[in-house]
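Residue-level structural notes
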Amino acid sequence: AANEPTSDKFRDITPILNKLTGQSNQLSLHRIKANLYTRTDTIQKHKFHTDFDPDNMGARHWMVGIFYLNSNDGYTEFETGEIVESVGNRLVTFPGHLSHRGTSCTNEKIRALINIGYYGW
């Protein structure tokens, strides 16, 4: 059916989605994806990007949630210089038009996270 989850794994992330909705219990999802980076000898920084087009005025209302699946020395860096360390079971949210980038890690086999693009009320 239309607007129904296409994966049976959707129920596994329901607790994370519930954290995003807060008291409103309303959430419009744009995209959910998993990122997995393998260990590198040195931290590799990816290119800065936005998850929503900043030139689209509607983008200022969309949010991004990053849920870190494991702890490691990788991180998310914002163009402002702010850094969010990869700590397992941490959820960080920010406006979708903010430029940011991820990195690899050097101290674990992988750096894994779930990226959620959403609009919450």
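See the structure printed just above.
These notes cover the structure that comes with them. (Residues numbered from 1 in each chain as written. Predicted model: local features only at pLDDT ≥ 70, side-chain atom pairs only at ≥ 80, totals over all residues. Heavy atoms only, no water.)

**Structural notes on the sheet that holds strand E6 (residues 100–102)**
Strand order in the open sheet made by the three strands is E4-E3-E6, with antiparallel pairing throughout. Each of the sheet's edge strands pairs with one partner strand only, and the pair in question is strand E4 (83–85) and E6. Each strand of the sheet is rotated relative to its neighbour by a mean of 15°, with strand direction disregarded. (Pairing = 2+ DSSP bridges. Helix = DSSP H or I, 4+ residues; strand = E, 2+ residues; numbered from the N terminus. Axes fitted to C-alpha atoms, helices over the stretch in contact; angles between N-to-C directions.)

**Comments concerning helix H1 (residues 14–21)**
Along H1, the residues classified as buried are Ile16, Leu17, Leu20 and Thr21. Taken around the axis of H1, the buried residues stretch over an arc of 140°, which confines them to a single face. Away from its buried face by more than 90 degrees, H1 exposes Pro15 and Lys19. Following H1 by one or two positions, glycine 22 has its phi on the positive side, about 60°. (Buried < 20%, exposed > 50% of the residue type's maximum accessible area, 1.4 Å probe, protein only. Arc of directions from axis to C-beta.)

**Some points on the packing of aromatic side chains**
Two aromatic rings, taken as a pair, are described by how far apart their centres are and by the angle between their planes. What the rule picks out here adds up to three aromatic pairs. Relative to tyrosine 119, the ring of tryptophan 62 has its centre 5.5 Å away and its plane inclined at 70°; by these criteria the two rings are edge-to-face. Separated by 57 residues along the polypeptide, tryptophan 62 in the loop between strand E1 (27–38) and strand E2 (63–68) and tyrosine 119 in strand E7 (residues 110–120) bring together distant segments of the chain. With a centroid separation of 4.8 Å and 85° between ring planes, the pair formed by phenylalanine 78 and phenylalanine 94 is classed as edge-to-face. Of this pair, phenylalanine 78 sits in strand E3 (residues 75–78) while phenylalanine 94 sits in strand E5 (residues 90–95), placing them 16 residues apart in sequence. For the pair phenylalanine 78 and phenylalanine 94, a shared accessibility class is recorded, and that class is buried. An aromatic cluster of at least three residues, connected via ring pairs, comprises Phe52, Trp62 and Tyr119. (Phe/Tyr/Trp six-rings, centres within 6.5 Å; stacked < 30°, edge-to-face > 60°.)

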